[in-house]
Amino acid sequence: MFRTALRNVLAHKARLLMTVLAVTLGVAFVSGTLVFTDTLKKSLSNQSAKSYEDVAVSVTSYGQGRDDNGQKEGEPGLSQQTLDKVKALGGVASVSGRVSGFAGVGDENGKLIGSGWSNKGSNYAPVKDGKDPNYAFTQGAGPAKADEIALDKATADAGGYHVGDRVRVATNGPVKEYSLAGVFTTEDGAVQAGGSLVLFDTKVAQELYLKPGYFQELSVAAKAGASADQLLAEIKPLLDDKHTKAQTGAALAKEQAEQIEKGMSNMSTMLLVFAGISLFVGVFLIYNTFTMLVTQRTKELALLRAVGANRGQVMRSVLAEALVVGAVSAAIGLLSGLGLAIGMRSLIGSFGAKLPGGDLVVAPGTIIAALVIGVLVTTLAALLPAWRTGRIAPVAAMGSAHLPASAKSLIVRNVIGSVIGVLAVGLVLLGVSKGGSTGRMIMGAGAFFMLIGLIVLLPLLSKPVISAVRPLLQKAFGVPGKLAAQNAVRNPRRTAVTAASLAIGLTLVTTLSVLGITVGKVVDRMSTEKLKADYRVSMAGDMGSLDESVAETLAKAPGIKAVSPQTAGYLKVGEDFRATSGVTPGAIDQMLNIEVLSGSLDALGKGELAVAEKTAKKANLAVGSTLQVQFDDGRQGSLKVGAVYEDLEGLLSPYVIDNKILSAHSEEQYTPEVYVNVDGGASAAGQQKVVDALGKNPAITVATQQDMRNEMGGMINTMLNVMYGLLGMALIISVLGVVNTLAMSVFERTQEIGMLRAIGLDRSRVKNMIRLEAVVISLFGAVLGVAIGVFLAWAVGTTIAKSMPNYELVLPWDRIGIFLLLAAVVGVLAAMWPARSAARLNMLTAIKTE
């Protein structure tokens, strides 16, 4: 029987091509993901281990903490005295103190080099030989004076800088010029991520990022023969246990390797979810293929039964065919996955990230997973057709080449599907009523059962839906249109399975699109309706706090009408810390459209507090209420509520007070943004005034309202495009499913097509018939997918509406129209080969075909 199965695979290899392609694509996605993440994980771990191979002990400071009364305690970092004590230990060869923070370098046009979030500044820390072991210089040397810096090679090349050039460097304050002392290469993670690294003299770096005489980290190198564990035991008593952490270099490298593995695991899980969707869609194609192959070979299989093969042998022969197809597909998919992994590395590199080199890692688990998935998916998909084959009586099979499903089996299927569908809708609605993350988890289960119910009920839905459009097809396309509609519902199971793959893909795409566009509109509406400021000034990439000098400089600049720095802090109310915004009274209402529900914002200038509506209701606060608070410096105080305003999440914290009050109780203010209005309103000239006032600082962004909308819209579109790309594999398999169904349907109806040709249906109308059948099936699946996607997007939206003011579901009709148009195009393209094959049939030969 196995030889028979192998012979059948070779005899029907053309018909199995689409199945092989579907499984190959799914396996390639899985194996490519595993190879890519394993390779990246090993490369990053090796890079991390290499950076710590000369470090015996690493000491990290967490900065100052707070005691039970909220007062700051401890030192801001590791002092020079601590470094000297560690250095004096017998087994220590050298100690390097490190301090780091943000630093940006501009190119010749003043534009920031690097990605913003990974632009870094640090100190050059030479040891006994006068060199810093972390950096290898290709030009010049490390900075030795306060006005000198060194740059990583990639940044120097991007900016066209050479040793001796003057380089403008920005931290979170005014731009300063430094002389370039050297250019180096490094394994630093910031540079590898596509950012930049600026090395300052140690004293300069301490003043910029911490406090003179203090470090954030110490790297201790051991003398030959000294034990890292022994050094660690000697170093720990010299440290403040509450605010520092000391560990061996090996332990730190292991810890980072575990963090890398966790990060790669999250990425791998996300990619494998989409690979799973592709394989799930491929199941329908495989099921359809084997169902049609079995149907077309019923006489052959019946003959095997008649000459002595029992049901189990016939069933196992079909499963053996599936096993062979799965094994071949898995092997091809595994090889294709290697190419996909290489492509993914190149893609990430094209975005500026510098991935560490290394050979591809093909773990034994990856090979096993590829083979098991390929064989298992194919065999499971073929299981039901094989089981049905074993149940066909030899005489019945020999008497009919086409055995439609019994009415009883469809009734049972419809009942089961209806029960699952009702359960799914009930779970989704339960999630709506629960709301929040719990509601979304319940909805996830409901969405899964909804897709299962759809798959089961599609045969029932196909007849009425397609029959409803039959008159339109007949009127528009004549006889080919009428025949196409009839053929589409001739075998409801086949139509359902083919349409299901498209429906699943478009359900996910539509859900993500509707949610993404809706959230984007909410943010856009907030920018338009709630933001009145001409410009928002912030650090590039929203990295860190603006220096206090930014607001001061803008306030003194000509042409600037109003300036309102918005600082972020907290107030301790009872046992909870509450986010608080510090603003400039009299200016903030010029920058934001704040709807005051009671009281007045003028109260901010009197030292009173403004509270968001939701927080006021929850804490039972109203205008005139007094709130006992603890400030950042631990001091106690009472604040009177002077205003209650409508929530402005994303723009204002629940509590708002005068900036002067926050700054009086905080050593360092965190100012993420400064709002600015200029004389004459927003314009290109006004924006340039702000840029010039800040000294054309490359690390500071001056954004208009449109820039802010474009930024958010760009993020959402990027996210959606990534999702579309990841779901693209599933949609490609869906297309293959339509091609496969039509090709085998044409083969099955060879005699019928010959008869139609004989009674006058010419080649062009035969092609139209096949094309229209493909379009009908594709649009049937697409419409159902879009409808379910919109329903799920509405349900999920209800759970986030409370956290997003002015949330209102937006249906992106343009994108939905594009999805449906693409589904129709998919049908036309999928029908090209089957339609051509049908039109080229010799009518006399076709009529004689059994």
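Values in this document were obtained by computation on a predicted structure and should not be read as measured data.

Draft legend 1. Layout of the sheet that holds strand β16 (residues 244-248). Pairing is antiparallel across the open sheet formed by 4 strands, whose spatial order is β5-β15-β1-β16. Only two strands of the sheet have a single partner each, and these edge strands are β5 (92-98) and β16. Taking each pair of neighbouring strands and ignoring which way they run, the sheet shows an average axis angle of 15°. Lying on the sheet, helix α3 (residues 80-87) is in contact with β5 and β15 (217-222); it crosses β5 at an angle near 160°.

Draft legend 2. Expanded view of the pattern of salt bridges. What the rule picks out here adds up to 8 salt bridges. For the salt bridge of D38 with K41, the shortest nitrogen-to-oxygen distance reads 3.9 Å. Taken together, the residues D38 and K41, both in helix α2 (residues 17-51) and 3 residues apart, mark about one turn of the helix. One salt bridge in this structure joins K245 and E255, with 3.0 Å as the shortest N-O distance. Taken together, the residues K245 in strand β16 and E255 in helix α8 (residues 249-296) connect sequence positions 10 residues apart. Given a relative accessible area of 32%, K245 falls into the partly exposed group. For E255, a relative accessible area of 24% gives the class partly exposed.

Draft legend 3. Inspection of the environment of G343 at higher detail. For G343, the location among the structural elements is in helix α10 (residues 311-350). Judged by relative accessible area, G343 falls into the partly exposed class, the value being 36%.

Draft legend 4. Just the confidence of the model for the protein chain, in detail. Per-residue pLDDT for the protein chain has a mean of 82; in total, 89% of the residues score no lower than 70. Across residues 400-404, where pLDDT falls below 50, the model places 8 contacts with residues more than four positions away in sequence or in other chains.

Draft legend 5. Expanded view of the nonpolar core. In terms of nonpolar packing, the biggest core is built from 67 residues, with L458 and I466 touching the most fellow members. Looking at which element gives the most residues to this core, the answer is α8, with 11 residues.

Draft legend 6. Looking closely at the environment of Q80. Positionally, Q80 belongs in helix α3. If near-sequence neighbours (up to four positions away) are discounted, Q80 is found in contact with G213 and F215.

Draft legend 7. The packing of helix α15 (residues 479-488) against helix α24 (residues 763-800), seen in detail. The interhelical angle for the contact between α15 and α24, taken along N-to-C directions, is 45°, at an axis separation of 8 Å. In terms of orientation, α15 and α24 fall into the oblique class. The way α15 lies across α24 gives a crossing that is right-handed. Here α15 contributes P480, G481, L483, A484, N487 and A488 to the contact with α24, which in turn contributes R765, N768, M769, L772, E773, V776 and I777.

Here is what the cut-offs are and how they apply
Residues numbered from 1 in each chain as written. Predicted model: local features only at pLDDT ≥ 70, side-chain atom pairs only at ≥ 80, totals over all residues. Heavy atoms only, no water. Pairing = 2+ DSSP bridges. Helix = DSSP H or I, 4+ residues; strand = E, 2+ residues; numbered from the N terminus. Axes fitted to C-alpha atoms, helices over the stretch in contact; angles between N-to-C directions. Contact = heavy atoms within 4.5 Å. Salt bridge = Lys/Arg side-chain N within 4 Å of Asp/Glu carboxyl O. Buried < 20%, exposed > 50% of the residue type's maximum accessible area, 1.4 Å probe, protein only. pLDDT = per-residue confidence, 0-100. Core = buried A, V, L, I, M, F, W, Y, C linked by side-chain atoms within 4.5 Å. Parallel < 35°, antiparallel > 145°, perpendicular 65-115°, else oblique. Left-handed = near helix turned anticlockwise from the far one by under 90°.

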